[in-house]
Amino acid sequence: MISYNTKDWFTFIFKFHKADTFRTLLPIMLAIGIYAGLVGWLEVEYWQLSETSYIKNITLMHGMLGFVISLLLVFRTNTAYDRWWEGRKMWGALVNNSRNFALKLSAMLGDEHDRTYFRKMIPGYAHVLHKHLGNEQTGKVLFDDVDLELDQHKHRPNQVAQMMFAKINDLYQSKKITGDQLIILNAEVQSFTDICGACERIKNTPIPYSYSAFIKKFIFFYVMTLPWGYAFSLGYYVAPVVVFIFYVLASLELIAEEIEDPFGGDTNDLPTQKITENIKKHVGELL
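Remember, it's a predicted structure, so these values are computed and weren't measured experimentally.

The rules behind the values
Residues numbered from 1 in each chain as written. Predicted model: local features only at pLDDT ≥ 70, side-chain atom pairs only at ≥ 80, totals over all residues. Heavy atoms only, no water. Helix = DSSP H or I, 4+ residues; strand = E, 2+ residues; numbered from the N terminus. Buried < 20%, exposed > 50% of the residue type's maximum accessible area, 1.4 Å probe, protein only. Contact = heavy atoms within 4.5 Å. Areas by Shrake-Rupley, 256 points an atom, 1.4 Å probe, with all protein chains shown as cover. Phe/Tyr/Trp six-rings, centres within 6.5 Å; stacked < 30°, edge-to-face > 60°. Axes fitted to C-alpha atoms, helices over the stretch in contact; angles between N-to-C directions. Left-handed = near helix turned anticlockwise from the far one by under 90°. Nonpolar A, V, L, I, M, F, W, Y, C, P; charged D, E, K, R; others polar. Disulfide = S-S within 2.5 Å. pLDDT = per-residue confidence, 0-100. Expected span 1.5 Å × (residues − 1). Bend = angle between axes of the 7 residues up to and from the residue. Salt bridge = Lys/Arg side-chain N within 4 Å of Asp/Glu carboxyl O. Polar contact = N/O pair within 3.5 Å; in protein donor to acceptor, adjacent residues only side chain to side chain.

Enquirer: Would you take a moment to explain the overall build of the protein for this structure?
Expert: Check the secondary structure of the protein and you find nine helices and two strands. N-terminal to C-terminal, the α/β element order of the protein is α-α-α-α-β-β-α-α-α-α-α. Out of the 287 residues belonging to the protein, those deemed buried represent 40%. Looking at the protein alone, contacts between residues at least 24 apart form 76% of all its contacts between residues at least 6 apart. As presented, the protein carries roughly 16,400 Å² of accessible surface, and 61% of it is formed by carbon and sulfur atoms.

Take a look at the structure:
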């Protein structure tokens, strides 16, 4: 995730970051500019259409549909940001849950071997969840001194949660913790799976295909019809105007596409790896 100063206007305006949509859209913007210029030349120079031509009234359609496309893009970006923010809240909950779990265990456990086990397993869950949501292969060795024998064909976060719950149950059976303490710790162990399920819901449920495809088609045909009406009043200047309108509309759609899956590897996705490292650091301090 990009770290930036929200009050630095100069940097925002004149600096092009690798995540900027301009670079992604540049080829198609050039093509649309050539297309718009060609349409302007045909209408003004080749066909020499007059100001009374009915084709000039196509701008009435653009005026009516401009409001519709604005509503669609606002809904699209808001929906994508809601998914991004919900993912951030889930990982914030994972941080708090890991800290609370470590705090309770630090007060309950006196055996250094047991404390060391959870010192590695709690951040181990965050690490496995990070890999799981990123669709990457999880290695068996998460840290230098911890080996987890995970079945790569099974649900990996569930396996880590199962190991922690089994360890908690062993502590209860060996009388190292009481029944009341077992109930207290059960809430934290359960929360790990609840957070994982919420993240999977975001990851595995994208925006419906028909809705996303419709917006892209709408933007394309809206922009491609702009030169036919505005060439009468703008002439050859219709090319940069149409390119700019396409850049604004398409950029909003690209931004929404990027942030609707907050667990990927894009520049604006959530820094889950950094959060995982912070969990490891904080749990290590507590245990």
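There's more to say after this.
Enquirer: It is not clear to me how the side chain of Ser-251 should be interpreted in this structure. Could you clarify?
Expert: Note that Ser-251 resides in helix H8 (residues 238–259). Residue class for Ser-251 comes out buried when judged on its relative accessible area of 7%. The contact partners of Ser-251, leaving out residues within four places of it in the chain, are Thr-21, Leu-25 and Phe-246.

Enquirer: Help me understand the packing of aromatic side chains in this model?
Expert: Centre-to-centre distance and the angle between the planes together describe a pair of aromatic rings. Applying the stated criterion to the full structure yields 10 aromatic pairs. Taken together, a centroid distance of 4.9 Å and an interplanar angle of 50° make the contact between Tyr-125 and Phe-192 tilted. Of this pair, Tyr-125 sits in helix H4 (residues 112–133) while Phe-192 sits in helix H6 (residues 179–204); the two residues are 67 residues apart in sequence, bridging distant segments of the chain. Centroid distance Phe-218 to Tyr-222: 6.5 Å. Interplanar angle 85°. Geometry classified as edge-to-face. One end of the pair, Phe-218, and the other, Tyr-222, are both in helix H7 (residues 209–234), four residues apart, so they sit about a helical turn from each other.

Enquirer: Can you help me understand the packing of helix H2 (residues 21–46) against H7 in this one?
Expert: When two helices pack together, their arrangement is given by the angle between the helix axes and by the axis-to-axis distance. Packing of H2 against H7 brings their axes to within 9 Å, and their N-to-C directions diverge by 35°. Read as a crossing pair, H2 and H7 show a hand that is right-handed. Counted together, Ile-32, Tyr-35, Ala-36, Val-39, Gly-40, Glu-43 and Val-44 of H2 and Val-223, Met-224, Pro-227, Trp-228, Ala-231 and Phe-232 of H7 form the full contact between these two elements. By residue class, the composition of the contact of H2 with H7 is 11 nonpolar, one polar and one charged.

Enquirer: Which parts of the structure should I look at to understand the state of the cysteines?
Expert: Joining two cysteines, a disulfide is a covalent bond between their sulfur atoms. Per the stated rule, a full pass over the model turns up zero disulfides. Free of any disulfide, Cys-199 has its nearest cysteine sulfur in Cys-196, 6.9 Å distant. The buried category is assigned to Cys-199, whose relative accessible area is 0%.

Enquirer: Can you help me understand the confidence of the model for the protein in this one?
Expert: The predicted model of the protein averages 83 in pLDDT, with 85% of residues at 70 or higher. Here residues 136–145 scores under 50 on pLDDT; set against residues more than four positions off or in separate chains, the count is 25 contacts.

Enquirer: In this structure, what is going on with H2? I would like to understand it.
Expert: In an α-helix, one turn spans 3.6 residues; hence positions three or four apart end up facing the same way. Compared with the 38 Å implied by 1.5 Å per residue over 26 residues, the 35 Å span of H2 between its first and last C-alpha is a close match. Roughly 45° is the biggest bend found in H2, and it falls at Pro-27. Structurally, H2 contributes buried residues whose contacts are with H7 and H8. A positive backbone phi angle near 50° is found at Gln-48, which sits one or two residues after H2.

Enquirer: When you look at the pattern of salt bridges in this model, what are you seeing that I'm missing?
Expert: Applying the stated criterion across every chain, the model contains 11 salt bridges. Here Asp-111 ties to Lys-176 by a salt bridge, and the two come within 3.4 Å at their closest N and O atoms. Within this pair, whereas Asp-111 is found in the loop between helix H3 (58–108) and H4, its partner Lys-176 is found in the loop between helix H5 (156–173) and H6, the two being separated by 65 residues in sequence. The class for Asp-111 is partly exposed, based on a relative accessible area of 35%. Of the residues examined, Lys-176 reaches a relative accessible area of 39% and is grouped as partly exposed. Residue Asp-114 pairs with Lys-176 through a salt bridge whose shortest N-O separation is 3.0 Å. Of the two residues, Asp-114 is situated in helix H4 and Lys-176 in the loop between H5 and H6; the sequence distance between them amounts to 62 residues. Taking relative accessible area as the criterion, Asp-114 reaches 2% and is therefore assigned buried.

Enquirer: Teacher, can you tell me more about the side chain of His-130 here?
Expert: Relative to the elements of secondary structure, His-130 occurs in helix H4. We classify His-130 as buried; its relative accessible area is 14%. A polar contact of 2.6 Å, which involves the side chain of His-130, links it to the side chain of Thr-272. In terms of polar contacts, His-130 uses its side chain to reach the side chain of Gln-273, at 3.0 Å. Here His-130 is in contact with Trp-91, Thr-272, Gln-273 and Thr-276, once residues within four sequence places are set aside.

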